[in-house]
Amino acid sequence: QVQLVESGGGLVQPGGSLRLSCTASRNIESFYEMNWYALAPGKQREWVAEFTSAGTTSYADSVKGRFTISRDNVKNTLYLQMNSLKPEDTAVYYCHGSIRTSSVSIENYWGQGTQVTVSS
């Protein structure tokens, strides 16, 4: 069973920063795609950022220029650096990873989530 474990959430004032971590139980380079998602109260889970095995990144418009997704292959950890945080960023953040098991099969894995609260 592949496990993803998030950490780094907490309470921060508007304009502040946090760095979320997602540690994988296997070689993180084996994931062909990894993402961060956010689940805010009363809303559906929304995609935030993507990191591919090729090293490319992409971001939701709402976080572009403020958040940075990165990966440390030695530590098997995916990061989300969150700067200039806004109250609307308040959500439970989930790490997601997908592994291609065949040419037509993909397995998806999710972490348990870490709470980020942005409030003055």
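The sections below set out a description of the structure shown in this document. (Residues numbered from 1 in each chain as written. Predicted model: local features only at pLDDT ≥ 70, side-chain atom pairs only at ≥ 80, totals over all residues. Heavy atoms only, no water.)

Here's the deal with the pairing of strand S10 (residues 105-110)
Here is step 1: With six bridges joining them, strand S9 (residues 91-102) and S10 adopt antiparallel strand pairing. Each residue of the ladder has a partner; that of Gly-97, found in S10, is Tyr-109.
Here is step 2: Where S9 folds back on S10, the antiparallel hairpin that results is connected by two residues. (Pairing = 2+ DSSP bridges. Helix = DSSP H or I, 4+ residues; strand = E, 2+ residues; numbered from the N terminus.)

Things to note about the state of the cysteines
A disulfide bridge is the covalent bond that connects two cysteines by way of their sulfur atoms.
Here is step 1: The full count for this structure, using the stated rule, is one disulfide.
Here is step 2: Across a sulfur-sulfur distance of 2.0 Å, Cys-22 and Cys-95 are joined as a disulfide pair. Judged by the sign of its S-S torsion, about -75°, the cystine formed by Cys-22 and Cys-95 is left-handed. Here Cys-95 lies in strand S9 and Cys-22 lies in strand S3 (residues 18-24), a separation of 73 residues in the sequence. The pair formed by Cys-22 and Cys-95 is uniform in burial state, with each residue classed as buried. (Disulfide = S-S within 2.5 Å. Buried < 20%, exposed > 50% of the residue type's maximum accessible area, 1.4 Å probe, protein only.)

Here we look at the side chain of Asp-89
Here is step 1: Residue position: Asp-89 is located in the loop between strand S8 (77-82) and S9.
Here is step 2: Note on Asp-89: relative accessible area 6%, which makes it buried.

Observations regarding the sheet that holds strand S7 (residues 67-72)
Here is step 1: If you trace the four strands from one edge of the open sheet to the other, you get S1-S3-S8-S7, paired in antiparallel fashion. Either end of the sheet is taken by a strand with one partner, and the two such strands are strand S1 (4-7) and S7. Each strand axis lies, on average, 15° off the axis of its neighbour in the sheet, ignoring direction. (Axes fitted to C-alpha atoms, helices over the stretch in contact; angles between N-to-C directions.)

Considering the pattern of salt bridges
Any two side chains of opposite charge can pair, so long as their charged atoms come close to each other.
Here is step 1: Tallied over the full model, the rule gives two salt bridges.
Here is step 2: Among the salt bridges present, the one from Asp-61 reaches Lys-64, with a minimum N-O distance of 3.5 Å.
Here is step 3: A relative accessible area of 66% places Asp-61 in the exposed class.
Here is step 4: Here Lys-64 falls in the exposed class, since its relative accessible area comes to 53%.
Here is step 5: Asp-89 is paired through a salt bridge with Arg-66; the nearest N and O atoms lie 2.8 Å apart. Here the residue Asp-89 occupies a position in the loop between S8 and S9, and Arg-66 occupies one in the loop between strand S6 (57-59) and S7, the gap between them amounting to 23 residues. (Salt bridge = Lys/Arg side-chain N within 4 Å of Asp/Glu carboxyl O.)

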